[in-house]
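One letter stands for each residue in the lines below.
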Amino acid sequence: MYARKRVRVPQEENGQQDGSSSRKADRRHFAALVLARGGSKGIPLKNIKMLAGVPLLGWVLRAAIDSEMFDSVWVSTDHDEIEKVAKSWGAKVHRRSPEVSKDSSSSVETIQEFLRNNTEVEVVCHIQCTSTCLHPSHLQKALKKIIEDGYDSVFSVVRRHQFRWKEVKEGSGELTKPINLVPAKRPRRQDWDGELYENGSFYIGTRDLILKENSTQGRKVAYFEMEPEHSVDIDVDIDWPVAEERVLRYGYFGRGVSIMFCRVSRCLTNGRVFLSVSGEDMVSFHTRDTAGLRMLQNEGIEVVLLTSNEDPVTQSLADKLKTMMGCEVMDVGDEPLKCVQAVVEQKRLDWKDVAYMGNDIADATCLNLAGLSAVPADAPKDATSAAKYTCRQVAGMGALREFVEQVLLQKEKTKTQMKQDRIDRNNF
């Protein structure tokens, strides 16, 4: 389970804080809540379907956790597989009751049940699972309206420049008429501010408002405007390719990683052992995978290869691996967590700074904890359930390179986002 230390005032790169003394003084329990029912009608198990290599649920959980605005981050679900994915991304799970798991159940009813079961929560931010281009900064700025300006509820909107006309029923004889324009004075886009529409990305409300007024919007209410490129919603299969293109361009890819741990057996190799005529044991590596490790090193990401004392082949090759790959090789035995945790602590890193690739049940905890984690396509189900990314390639045949490309994509996106954040701060 995920337990976020109470950090509500993250440090910006220029040393200034994104908040004020009133923000630090707010001692209410803030919770993020993602509703992820298993019975999606449009796309079966949509909430954990892979989008650009990441489960749909993972995109919003990453943004919520990295915002460092919440005392707890939750997923409300009625499905075992969704629960596993939620926990692998660091969320706690509210196992919703059958009463609020029906097709007719409303979001407010589920949020109310969550609040009744978690009496410590005083402010809840309901995040839509389909808002895949949500960034931590969106949540930070919206929550400041609650914390500093005293609003009871805040919801996200997007500005649209669309002219609307009244709908009429066919055969009624009624004529349509414009709703928000005068046709004879049709404005140019640059001369019209447009209108604000809910984009469904998130709804923030206080406990008292939601329980007493059966709504996440009310009392002293405000909106937070998001950019059109960050307003994505997925309802049907035809939206999926569009959403994938959008998230690759505008999605939040995390903070980047500093170190990568990779199992040698069944990740770098395919697990096969070849016996030579002379009686020597041999294993093989794919050149794409070894090139991938060098790509990480060239980007300043440390690589640690993990071997096991139960695997005499890779143990005997440890020195050769160290020389050939130019990286540390560490024997972790059957349970890698203890050894990997020691390295993480020694380097004063957090698990979110770690990438991990494994291929067995023994790797599950590390796969779960790491900020980025992956398994080859042929990994067992227990390992796959714990990983945040499942490669299309199998072990020893390019899976490692595939994951490396995901790690480097995140790093590049992080650089771009940091650059844009600096531009935004300088403009205001």
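Just above sits the structure.
Just so it is clear, the structure is predicted and the values come from calculations on it, not from any experiment. (Residues numbered from 1 in each chain as written. Predicted model: local features only at pLDDT ≥ 70, side-chain atom pairs only at ≥ 80, totals over all residues. Heavy atoms only, no water.)

### Quick look at helix H4 (residues 107-117)
Thought 1: Those residues of H4 not exposed but buried are Val108, Thr110, Ile111, Gln112, Glu113, Phe114 and Leu115.
Thought 2: Where H4 is buried, its residues contact strand E1 (30-35), strand E4 (72-77), strand E5 (92-95), strand E6 (123-127) and helix H6 (207-213). (Buried < 20%, exposed > 50% of the residue type's maximum accessible area, 1.4 Å probe, protein only. Helix = DSSP H or I, 4+ residues; strand = E, 2+ residues; numbered from the N terminus. Contact = heavy atoms within 4.5 Å.)

### Some points on the sheet that holds E4
Thought 1: The 7 strands lie next to each other as E5-E4-E1-E6-E8-E7-E9, forming an open sheet whose pairing is mixed. Here the strands that pair on one side only, and so sit at the sheet edges, are E5 and strand E9 (221-226). Going from strand to strand, the sheet's axes swing by 30 degrees on average, the running direction of each strand aside.
Thought 2: Pairing analysis gives 5 bridges linking E1 to E4, with the strands arranged parallel. Bridged to alanine 31 within E4 is serine 72.
Thought 3: H4 contacts E1, E4, E5 and E6 of the sheet and is inclined by roughly 135 degrees relative to E1.
Thought 4: Along the sheet, helix H5 (residues 136-147) contacts E1, E6, strand E7 (153-160), strand E8 (195-206) and E9; its crossing angle with E9, the most-contacted strand, is approximately 165 degrees. (Pairing = 2+ DSSP bridges. Axes fitted to C-alpha atoms, helices over the stretch in contact; angles between N-to-C directions.)

### Topic: the packing of aromatic side chains
Thought 1: The tally for this structure, following the rule as stated, stands at 4 aromatic pairs.
Thought 2: Judged by centre distance (5.2 Å) and plane angle (85 degrees), the ring pair of tryptophan 59 and phenylalanine 253 falls under edge-to-face. With tryptophan 59 in helix H2 (residues 56-67) and phenylalanine 253 in the loop between helix H7 (239-250) and strand E10 (259-263), this residue pair connects regions lying 194 residues apart in the sequence. For the pair formed by tryptophan 59 and phenylalanine 253, the shared burial category is buried.
Thought 3: Ring geometry for phenylalanine 163 and tryptophan 192: centres 4.9 Å apart, planes at 20 degrees, overall stacked. Separated by 29 residues along the polypeptide, phenylalanine 163 in the loop between E7 and E8 and tryptophan 192 in the loop between E7 and E8 bring together distant segments of the chain.
Thought 4: Just above the ring of tryptophan 240 sits the side chain of lysine 49; from NZ or CZ to the centre is 4.5 Å.
Thought 5: Sitting above the plane of the tryptophan 89 ring, lysine 388 keeps its charged end 5.5 Å from the centroid. (Phe/Tyr/Trp six-rings, centres within 6.5 Å; stacked < 30°, edge-to-face > 60°. Lys NZ or Arg CZ within 6 Å of the ring centre and 35° of its normal.)

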